[in-house]
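Letter by letter, the chains look like this.
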Amino acid sequence: MSSSRPAAVVVLAAGEGTRMKSATPKVLHDICGRSLVGHVLAAARELDPENLVVVVGHAREKVVGHLAEIDPGVRTAVQAEQNGTGHAVRMALEELGGGLDGTVVVVCGDTPLLSGDTLRALASAHGTDGNAVTVLTAEVPDATGYGRIVRDASGAVTAIVEHKDASDSQRAIREINSGVFAFDGRLLADALGKVRTDNSQGEEYLTDVLGILREAGHRVGAAVAADHREIAGINNRVQLAEARRILNDRLLTRAMLAGVSVVDPATTWVDVTVTFEQDAIVLPGTQLQGATHVAEGAEVGPNCRLKDTRVGAGARVDNTVADTAEVGPEAKVGPFAYLRPGTRIGVKAKVGTYVETKNATIGEGTKIPHLSYVGDATIGEYSNIGAASVFVNYDGQDKHHTTIGSHCRTGSDNMFVAPVTVGDGAYTAAGSVITKDVPPGSLAVARGQQRNIEGWVARKRPGSAAAKAAETASREPDGEG
């Protein structure tokens, strides 16, 4: 048997998961940016198996569709009726053409904390010891609900007894079956044909294979997991939250040991696909999701949620929501900014307080300091966009583009009605609605003339507080109070 590359890894993912109380199949629930089964597949892929097959059953159309998205190379076997784990593995072997030469590793699809290192250790122990089957076990504080590992006086594994079938003395055992096994492929296929259903559930237990192989004189071994939390299966929302916390802590610890400053790990959440460079800083209340990358010396937070966003070296992102955006080196974003997909912020540029951007390229050194919406736009270098500006990009049917050149100064409360271009070095007056192109170096003024109607308040609002204030002011010299 080869311990370096298993002939197959079988992932059991056919169960309904009724205790989740959800329309979503249990194995598709998400933690830290991956589904439960997605985490298991990622660990299995670290073994580089010749075959990777997932046994599906409940809501199989949804599960198969998800698998096609996250791992197109995976194969599926259908367990139309959930008749036990032994039956599920038989379905997988039938999909693979029967017994296989080499090691077959069986894992559960609801164990997101299981690591590739633990699976490699199991496969290695299995091959080194020459076992017919090796079970991954763990010592747990509370073994309720788990199958117990029964050993003889020499310490050899003699059986795995399910909780419902265990005696009182067996239920006192704290070493449990993880549901993860390494088998000799040929012996597994033969033993599965001998599994009976005379148990409390009337099902084919995969664990019965151990007794069958032992009675036939084959060696049965065990490998104990270093951390019992790795083998924890998810059966309800409480366990889902607990696993999310453990995995998040694991990810943050890895980042901090690599040189990232995480100021408050308790309020910082990251996905498994998030990456950092050394000396990145993450402040409290921050969520980093998807393919987000934080470069060297960048500071993110507090209170940010970034998804699929790249933050350049030395940039600062404060109290910001960003989705599929790029923040250039030494740029400043926020507080309270919203970067929507397609936003690209240049080197040392600024997107400030209550600014929303979408499909916008903002050049080096350009500033959009406050209270503005910039959508479907290109802004050149070292321009300044005045407060309360709106890039009017949608005519009710189609989106249109606005171009602002380099070294422009646009006034406050401007409307840029796309499609429109403001040339390099141009200015626009405050309160203007820009509907025509502005040539380079020009000043655009697009607003009505101011007209003051004297005495309007006294005539239209007699007796009001405003009228009394105006009357008082008119009696003061030069109108000064």
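Residues numbered from 1 in each chain as written. Predicted model: local features only at pLDDT ≥ 70, side-chain atom pairs only at ≥ 80, totals over all residues. Heavy atoms only, no water.

Q: For the pairing of strand 8 (residues 148-151), give the residues involved together with the corresponding values.
A: Relative to strand 9 (residues 157-161), strand 8 is paired through four bridges, and the arrangement is antiparallel. Counted as the bridge partner of Val150 is Ala159 from strand 9. Between strand 8 and strand 9, which pair antiparallel in sequence order, lie five residues; one of them, Gly155, sits at a positive phi of approximately 95°. (Pairing = 2+ DSSP bridges. Helix = DSSP H or I, 4+ residues; strand = E, 2+ residues; numbered from the N terminus.)

Q: Can you lay out unusual backbone geometry for me, pointing to particular residues and giving the numbers?
A: The linkage connecting Gly334 with the following residue, Pro335, adopts the cis geometry, with an omega of 5°. Here Pro335 is to be found in the loop between strand 24 (332-333) and strand 25 (337-339). Here the amide bond leading from Ala418 into Pro419 is cis, since omega sits at 0°, within 30 degrees of zero. Turning to its location among the elements, Pro419 is positioned in the loop between strand 33 (415-417) and strand 34 (420-422). Although it is not a glycine, Lys21 sits at a positive phi angle of roughly 50°. Turning to its location among the elements, Lys21 is positioned in the loop between strand 1 (8-13) and strand 2 (30-31). Non-glycine residue Ala59 carries a positive phi angle of around 50°. Within the secondary structure, Ala59 is located in the loop between strand 4 (52-56) and helix 2 (60-70). The exposure class assigned to Ala59 is partly exposed, which follows from its relative accessible area of 24%. (Buried < 20%, exposed > 50% of the residue type's maximum accessible area, 1.4 Å probe, protein only.)

Q: Just give me the short version of helix 3 (residues 85-95), but keep the residues and values in it.
A: Those residues of helix 3 lying buried are Gly86, His87, Ala88, Val89, Met91, Ala92 and Leu93. Looking at the buried side of helix 3, the elements it contacts are strand 1, strand 4, strand 5 (75-78), strand 6 (103-108) and helix 6 (185-192). One or two positions beyond helix 3, positive phi appears at Gly97, with a value near 95°. (Contact = heavy atoms within 4.5 Å.)

Q: Could you give me a rundown of the environment of Ser115, with the residues and numbers involved?
A: Looking at where Ser115 falls in the secondary structure, it is placed in the loop between strand 6 and helix 4 (116-129). The class of Ser115 is buried, set by a relative accessible area of 16%. Through-space distance from the C-alpha of Ser115 to that of Glu94 is 27 Å; in sequence the pair is 21 residues apart. Once residues within four sequence positions are removed from consideration, Ser115 is found in contact with Ala43 and Glu230.

Q: Lay out the side chain of Thr343 in plain terms, naming residues and giving numbers.
A: Tracing the backbone through its elements, the reader meets Thr343 in the loop between strand 25 and strand 26 (344-345). The class of Thr343 is buried, set by a relative accessible area of 1%. Polar contacts involving the side chain of Thr343 include one to the main-chain carbonyl oxygen of Arg340, which spans 2.8 Å. In contact with Thr343, not counting residues within four places along its chain, are Thr324, Ala325, Glu326, Thr357, Lys358, Asn359 and Ala360. (Polar contact = N/O pair within 3.5 Å; in protein donor to acceptor, adjacent residues only side chain to side chain.)

Q: Can you explain a positive patch on the surface? Please cite residues and give values.
A: A cluster of basic residues, Lys332, Lys350, Lys367 and Arg409, forms a positive patch at the surface. The partly exposed category is assigned to Lys367, whose relative accessible area is 42%. (Patch = residues over 30% accessible without salt bridge, like charges linked within 9 Å, V, L, I, M, F, W, Y side chains within 5 Å. Areas by Shrake-Rupley, 256 points an atom, 1.4 Å probe, with all protein chains shown as cover. Salt bridge = Lys/Arg side-chain N within 4 Å of Asp/Glu carboxyl O. Lys, Arg positive; Asp, Glu negative; His and termini not counted. Charge placed at Lys NZ, Arg CZ, Asp CG, Glu CD.)

Q: Explain the layout of surface pockets residue by residue, including any values.
A: The volume enclosed by the second largest pocket comes to roughly 400 Å³. Contributing to the lining of the second largest pocket are 20 residues, with Leu114, Ser115, Leu247, Arg250 and Arg254 lying nearest its centre. Contributing elements (two or more residues each) for the lining of the second largest pocket: helix 1 (36-45), helix 4 and helix 8 (237-257). Looking at the lining of the second largest pocket, its residues break down into eight nonpolar, three polar and nine charged. (1 Å grid on protein atoms, 1.4 Å probe; cavity = no way out; pocket = protein on both sides within 12 Å on 5 of 7 lines; lining within 4 Å. Points joined across faces, edges and corners; volume = space filled by probe spheres on them. Nonpolar A, V, L, I, M, F, W, Y, C, P; charged D, E, K, R; others polar.)

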